[in-house]
Amino acid sequence: MGFEQVLQKTWRENILFSVLVELTYRCNLDCFFCYNDLGLRGEPLRTEQYLDFFAELRDLQVLHLTLSGGEPLAHPDFLRLGAWARELGFVVRVKSNGHALRGEMARRIRDEVDPYLVEVSLHGANAATHDRQTRVPGSFDRLLANLREALDLGLRIKINSTMTAWNEDEIEAMLALTDDLGVPLQFDPEVTLRDDGDREPLSISPSRAGVARLFAVQAERARAAGVTGAPFAIGKGGDDGTMPAPAAKHCGAGSSGVAVDPYGNVYPCVQWRRPVGNLHRQSIREIWADSGALREIRDLTVEAKGVVDAYGPAGALMSFCPGSAAAHGNGDPLRVYPEALRRMELLGEVFGGEEERSAKRRAILPVVP
Amino acid sequence: MASTVIDPASVLKPARDIRWRRIDGEAVVIRQRAGEVLVMNEVAARILDLADGRTPVSAWIEILAQEYDADREALERDVLAFTAELAAEGMLEVDPIEAGKTTDGL
């Protein structure tokens, strides 16, 4: 059995394989379009609960564990939890804004957490754009210094960037910047609503022309690199960065992965904020086996596949996300939303039929981008 | 690739950058530094479980012989060869302390 078959099996047989944990919503930046629901209230999971939770995930044979936030490094026991995750043998990813990734913290992350990947956010090619987004003056210069330090330490870094109206004219400059650093840059062409439904972030959604240009630039870079097929993520992959070939379900939300917020609420994925259980009341093993809400989610991912397939081969270009659909469509995870249609249309224009076919054939995205 | 001599007294442990889990009997193995994913069969997965940095290869062979009701000599030959391959690939490491004990009799 190859890795692709393993991933398909996790989707098909509901084998929990990837978990994203939002350790805290505290953050040392103040990003304009942050999707976290900062008004959410509840009893935060205690460190001891996380330790038990991680051990249970190990027993369930979960492989990928992503430590996210807020800013995960702002959790007072981040290093202890990260080291425990490493000891338990997870492939650990850290999703950070990079602001505190330096000095002793960076060195201890390398030595004690030993993450597979640290994913860091970049919001522009210069201080004016990046700091406008983070609303913290000096954050751009500090991020670049921190990235160089982290790379010198040997940490594996990937840069993520959400494309916005503010940075859409800086695509090439951001790519030049990350090329210079020698790290991959993955754009997300879609600004999402906040998890509480607040639509304010959409006010800086990128323009249609901007998204079209992003796809054209990415296609040109792929061609120059001699990459054929679908060389880059055109939307959102799994929380672990993997995306198996087409299966009976549209995605692995609630079938091979879950996300957990700081208050113990368990969701089918980081995008789909429909709670399926809470770790204060149930173990993850109980939630995974018995949650009726999770069973509904799994059924919905089957229905979502039908929704996307109805568009033919081009449907794969939408990178349709039931979680985003639910957020856009008043809770309906099967309603195709405008951003998905725009993506399908623009990618169709950039690539034509060739890309549609290759999107359908796509196996998995590289585990190391 | 340097060859690694493994004998029944060898004590091995997984390399630091190896991560793996059992999925339906098989092992999904990630080599972090190389960014490589491997899927190994059930026996290979069991060997990764047994490579705990304490138990010598001879004990693995005894355990596997019982679990798989296999011919012991053939099993020993296969396990030593496969383990040497994993070590040569940098996926298993000879435990230096245990190896020192073996060499020096300490």
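Residues numbered from 1 in each chain as written. Chains lettered and ligands numbered in written order. Predicted model: local features only at pLDDT ≥ 70, side-chain atom pairs only at ≥ 80, totals over all residues.

With respect to helix H8 (residues 208-224) of chain A
Residues and elements named next belong to chain A. Defined as follows: Helical segments are the DSSP runs of H or I of at least four residues, strand segments are the runs of E of at least two, and each set is numbered from the N terminus. A helix's residues, less one, multiplied by 1.5 Å, set its expected span. Counting other C-beta atoms within 10 Å of its own, a residue is labelled buried from 20 upward, exposed at 12 or fewer, and partly exposed in the gap between, with every C-beta atom placed from the backbone. Picture the helix axis, draw a direction to every C-beta atom, and the arc is the one those directions span. Remark: residues whose backbone-derived C-beta atoms lie within 7 Å of one another are considered to be in contact.
Given a rise of 1.5 Å per residue, 17 residues ought to cover 24 Å, and the 24 Å separating the end C-alpha atoms of H8 matches this to within 8%. Inspection of H8 places Val211, Leu214, Phe215 and Gln218 among the buried residues, and these make up the whole buried set. Burial along H8 is one-sided: seen end-on, the buried residues are contained in an arc of 90 degrees. What points out from H8, more than 90 degrees from its buried face, is the exposed set Ala209, Glu220, Arg223 and Ala224. Check the buried side of H8 and you find it contacts helix H7 (171-181), strand S6 (185-188) and helix H12 (338-351). Where H8 terminates, the next one or two residues include Gly226, which has phi positive at roughly 75 degrees.

Thoughts on the sheet that holds strand S4 (residues 36-40) of chain B
Residue and element names in this part refer to chain B. The line we're drawing: In short, DSSP must find at least two bridges between two strands for them to pair. Every axis corresponds to a line fitted to the C-alpha atoms, with the helix fit spanning only the stretch in contact, and the corresponding angles, defined between N-to-C directions, vary from 0 to 180 degrees.
What the three strands build is an open sheet, ordered S2-S3-S4; its pairing is antiparallel. Since the sheet does not close on itself, it has two edges, and those belong to strand S2 (18-23) and S4, each with one partner. Each strand axis lies, on average, 20 degrees off the axis of its neighbour in the sheet, ignoring direction. Here strand S3 (residues 26-31) pairs with S4 via five bridges, running antiparallel. Pairing of Ile30 across the sheet is with Val37, part of S4. The strands that helix H1 (residues 42-50) touches are S2, S3 and S4; relative to S3, the one it contacts most, it runs at about 60 degrees.

Some thoughts on the nonpolar core
Worth spelling out the cut-off: Put simply, a nonpolar core is buried Ala, Val, Leu, Ile, Met, Phe, Trp, Tyr and Cys residues tied into one set by C-beta atoms within 7 Å.
Ranked by size, the top nonpolar core spans 110 residues in total, and within it A:Val19, A:Leu65, A:Val92, A:Val118, A:Phe320 and B:Val28 carry the most contacts. Those residues in contact with B:Val28 that sit more than four places away from it in its chain are A:Phe3, A:Val6, A:Leu63, B:Trp20, B:Arg21, B:Ile23, B:Val37 and B:Val39.

Describing the confidence of the model for chain A
We count it as follows: As a per-residue measure, pLDDT tells how confident the predictor is, with possible values from 0 to 100.
Mean pLDDT over chain A stands at 90; residues scoring 70 or higher make up 90%. Within the model, pLDDT remains below 50 along residues 229-241 of chain A, and this stretch shows 40 contacts once partners closer than five positions in the same chain are excluded.

Here we look at the interface of chain B and chain A
Filter applied, for reference: Side-chain classes follow a simple rule in which Ala, Val, Leu, Ile, Met, Phe, Trp, Tyr, Cys and Pro form the nonpolar group, Asp, Glu, Lys and Arg form the charged group, and the remainder, Gly included, forms the polar group.
Contacts between the two partners involve 12 residues from chain B and, on the opposite side, 15 residues from chain A. Taken together, the elements giving at least two residues each to the side of chain B that touches chain A come down to S2, S3 and S4 of chain B. At four residues, S2(B) tops the list of elements feeding residues into the side of chain B that touches chain A. Class assignment of the residues belonging to the side of chain B that touches chain A gives a composition of five nonpolar, two polar and five charged.

Focus on the packing of helix H2 (residues 57-68) of chain B against helix H3 (residues 72-88) of chain B
Residue and element names in this part refer to chain B. The following threshold applies: Roughly parallel means an angle under 35 degrees; roughly antiparallel, over 145; roughly perpendicular, 65 to 115; everything else is oblique. Less than a right angle of anticlockwise turn of the near helix away from the far helix marks a crossing as left-handed, whereas a clockwise turn marks it as right-handed.
Between H2 and H3, the shortest axis-to-axis distance is 10 Å and the interhelical angle comes to 130 degrees. Considered as vectors, H2 and H3 are oriented oblique to each other. Crossing of H2 over H3 shows right-handed handedness. Contacts from Val57, Trp60, Ile61, Leu64 and Ala65 of H2 reach H3 at Arg72, Leu75, Glu76, Val79, Leu80 and Thr83. In the contact of H2 with H3, the residues fall into eight nonpolar, one polar and two charged.

Here we look at the pairing of strand S4 (residues 117-121) of chain A
Residues and elements named next belong to chain A. For S4, the tally of buried residues reaches four of five residues, placing the bulk of the element in the interior. As judged from the four bridges shared by S4 and strand S5 (residues 157-162), these two strands associate in the parallel manner. Directly across from Glu119, in S5, lies its bridge partner Lys158.

Things to note about unusual backbone geometry
That bond from A:Gly69 to A:Gly70 is cis: its omega, 15 degrees, falls within 30 degrees of zero. Within the secondary structure, A:Gly70 is located in the loop between strand S2 (64-68) and helix H3 (78-87). In this model, A:Gln61 sits at a positive phi of 70 degrees, which is unusual for a non-glycine residue. Structurally, the position occupied by A:Gln61 is in the loop between helix H2 (47-59) and S2. Residue classification places A:Gln61 among the partly exposed positions, given that 16 C-beta atoms sit within 10 Å. Its identity as a non-glycine residue notwithstanding, B:Asp69 has a phi of 50 degrees, on the positive side. In this fold, B:Asp69 is placed in the loop between H2 and H3. Judged by the 8 C-beta atoms lying within 10 Å of it, B:Asp69 falls in the exposed class.

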